[in-house]
Amino acid sequence: MNANILTNAVLSMATLILVCTNPLPGKPRLLHRGILFAVLFFMSILVFPRIGQAGTIVSLSIIFVFLMLTQKGHRLLACICSLCGYIISIMINYVLLIGADKLLRLEVSALATTYLLPFSLLFMAVSGGATWLVGYILRNKIKIQDIQFNRLNILAICLNLAICVVLFVFNIIYGDRLGYPAEVVSFNGVLFIVYFLLSSVLLSFSIFSIKKEEAAKHKLERLEALEGYTMNLESLYNQMRAFKHDYTNILTTMSCFLDEKDYEGLHTYFNERILPTGQELGQKSYSVGILTNMGILELKSLLYTKVIQAITQELTLSVDIPYKVERVSMDMIDLTRILGIFLDNALEAACISKKRELYIGILQEEDRCIFLIKNSCDTENLSMGRLGTPGYSTKG
């Protein structure tokens, strides 16, 4: 086996791994990429020469199995992003082929023999850079890993892209049998570019619609929580008025027990009539009063919901917001989602712990806002070795 075949196998498999893993919602570890490269490299040496272009389908199948094993929590989404990366590489390949034919007068046969190494390096650099940029935009700008996709939507998108890839692969196999004449390359290139642009528009519209729907749902949840906060304020105000109105009657009744020296009756009256009212009033005033310094309505509604849950579950709750909180330097939807997850985990762990304690602290500084959540949790079954494992949490 000569060096050219080995070099071509290395570049081909490295390029395929780059374009299929760069756009992933969660970047795979270098070790995982190394294992995947070793498997595909040996397959390209031992198996793919016997099955020709069908080796592309086998390679993609191996990559999808790899994604299913490593991309926990984003399996179908990872397959979609990987397919997008592969389609982008196909489009770039045809753009380079058309450019070489129109500008340099180089046919596909020449690129596949005489100029194979420089063309492979150029293709690897361009497609790898393009898919890296796409992955950066998806993860950091669109934040696709945080979007709550409907499973049916994901399956539909994945099926559409899979059919697209299969058609592309068979088209490539057909072109290979014809020897890749310039007319076929140009036609396929235009066809793939048009299809890619249409698919990109449809995919972008779908992501935008889902994000818009998620933002509206999130806003509705916050408004419902804020409505509960307002209703609690109204209830507290009405109870205060009623308590003030009955204050004289309560004192008169208590004085009657004292005049009659009926201390047992006074004890019963106090425990059954006065104390429950005071506890209910104190509980509602506590849940409202501790959030006085929270000036951001979205956070106030979220915190109010979690405070009521903690009080209902009879946790020892401490909330400390010493100064007025008016701003945070973060997207409010992202902040409420992250804070809600942390608070839910803290509540869940505190409820099953022995001490049943929860502390929430928020401190507004000049250039930042500090959030502190502490809760009691049972550490008897804590596995230190699994702390870095995705999906594993002590919730404390």
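For the structure, check the block above.
In this text, all values refer to a predicted model and were calculated from it rather than measured experimentally. (Residues numbered from 1 in each chain as written. Predicted model: local features only at pLDDT ≥ 70, side-chain atom pairs only at ≥ 80, totals over all residues. Heavy atoms only, no water.)

**Section: the packing of aromatic side chains**
Counted only if it meets this: Whether two aromatic rings pair depends on their centres lying within 6.5 Å, for rings of Phe, Tyr and Trp, where Trp uses its six-membered ring; planes under 30 degrees apart make the pair stacked, over 60 edge-to-face, and the rest tilted. Elements are defined by DSSP. Helices are runs of H or I of four residues or more, strands are runs of E of two residues or more, and each kind is numbered from the N terminus. Per-residue accessibility, obtained with a 1.4 Å probe over protein chains only, is compared with the maximum for each type, and a residue is labelled buried under 20%, exposed over 50%, and partly exposed between these values. For a ring to carry a charge above it, either NZ of a lysine or CZ of an arginine must fall within 6 Å of the ring centroid while also lying within 35 degrees of the normal to the ring plane.
For the coordinates displayed, the defined rule picks out three aromatic pairs. An angle of 20 degrees between the planes, with centres 5.9 Å apart, marks the rings of phenylalanine 37 and phenylalanine 41 as stacked. Of the two residues, phenylalanine 37 and phenylalanine 41 both sit in helix H2 (residues 30-46), four residues apart, roughly one turn of that helix. With relative accessibility at 26%, the residue phenylalanine 37 sits in the partly exposed group. Classification of phenylalanine 41 by relative accessible area gives buried; the value is 16%. Summarising the aromatic geometry, the rings of phenylalanine 41 and phenylalanine 42 are spaced 5.7 Å apart at their centres and angled 70 degrees between planes, so their arrangement reads as edge-to-face. Joined through ring pairs, the aromatic side chains of Phe37, Phe41 and Phe42 make up one cluster. Over the face of the ring belonging to tyrosine 359 we find lysine 374, whose NZ or CZ atom lies 5.4 Å from the ring centre.

**What to know about unusual backbone geometry**
For residues that are not glycine, phi is negative in most cases, and the peptide bond is trans in most cases. A positive phi angle is found at arginine 105, which is not glycine, with a value near 60 degrees. For arginine 105, the location among the structural elements is in the loop between helix H5 (75-103) and helix H6 (108-111).

**Some thoughts on the packing of helix H1 (residues 3-21) against H2**
Between two packed helices, what matters for the description is the angle formed by their axes and the separation of those axes. Test applied: Comment: axis = line fitted to C-alpha atoms, over the contacting stretch for helices; angle = value between 0 and 180 degrees taken between N-to-C directions. By definition in this entry, angles of less than 35 degrees are roughly parallel, angles greater than 145 are roughly antiparallel, angles of 65 to 115 are roughly perpendicular, and the rest are oblique. Should the near helix be turned anticlockwise from the far one by less than a right angle, the crossing is left-handed, and should it be turned clockwise, the crossing is right-handed. We call two residues contacting when some pair of their heavy atoms lies within 4.5 Å. Polar here means any residue other than Ala, Val, Leu, Ile, Met, Phe, Trp, Tyr, Cys and Pro, which are nonpolar, and Asp, Glu, Lys and Arg, which are charged; Gly is therefore polar.
Relative orientation of the contacting elements H1 and H2 amounts to 135 degrees, with a least axis distance of 9 Å. In terms of orientation, H1 lies oblique with respect to H2. Where H1 crosses over H2, the two elements pack in a sense that is right-handed. Within the contact between the two elements, H1 uses Leu6, Ala9, Val10, Met13, Ala14, Leu16, Ile17 and Thr21 and H2 uses Arg33, Leu36, Phe37, Leu40, Phe41, Ser44 and Ile45. Here the contact of H1 with H2 is composed, by residue class, of twelve nonpolar, two polar and one charged.

**What to know about the sheet that holds strand E3 (residues 369-375)**
Put simply, the rule is: Here a strand pair is declared whenever DSSP counts at least two bridges between the two strands.
Pairing in this open sheet of three strands is mixed, and the strands run E1-E2-E3 from one edge to the other. At either end of the open sheet lies a strand with only one pairing partner, and these are strand E1 (316-320) and E3. Strand-to-strand twist in this sheet, taken as the mean axis angle between neighbours without regard to direction, amounts to 5 degrees. Looking at chain direction, E1 and strand E2 (residues 357-364) are connected through five bridges and run parallel. Considered in E2, the bridge of valine 319 is made with isoleucine 360. Lying over the sheet, helix H11 (residues 297-312) contacts E1, E2 and E3, oriented at roughly 160 degrees with respect to E1. Contacts from helix H12 (residues 332-351) reach E2 and E3 within the one sheet, and its direction differs from that of E3 by about 20 degrees.

**Looking at H1**
Keep this limit in mind: In a helix, the anticipated span is given by 1.5 Å times the number of residues less one.
Given a rise of 1.5 Å per residue, 19 residues ought to cover 27 Å, and the 27 Å separating the end C-alpha atoms of H1 matches this to within 8%. Where the residues of H1 are buried, they touch H2, helix H3 (48-51), helix H4 (54-70), H5 and helix H7 (116-142).

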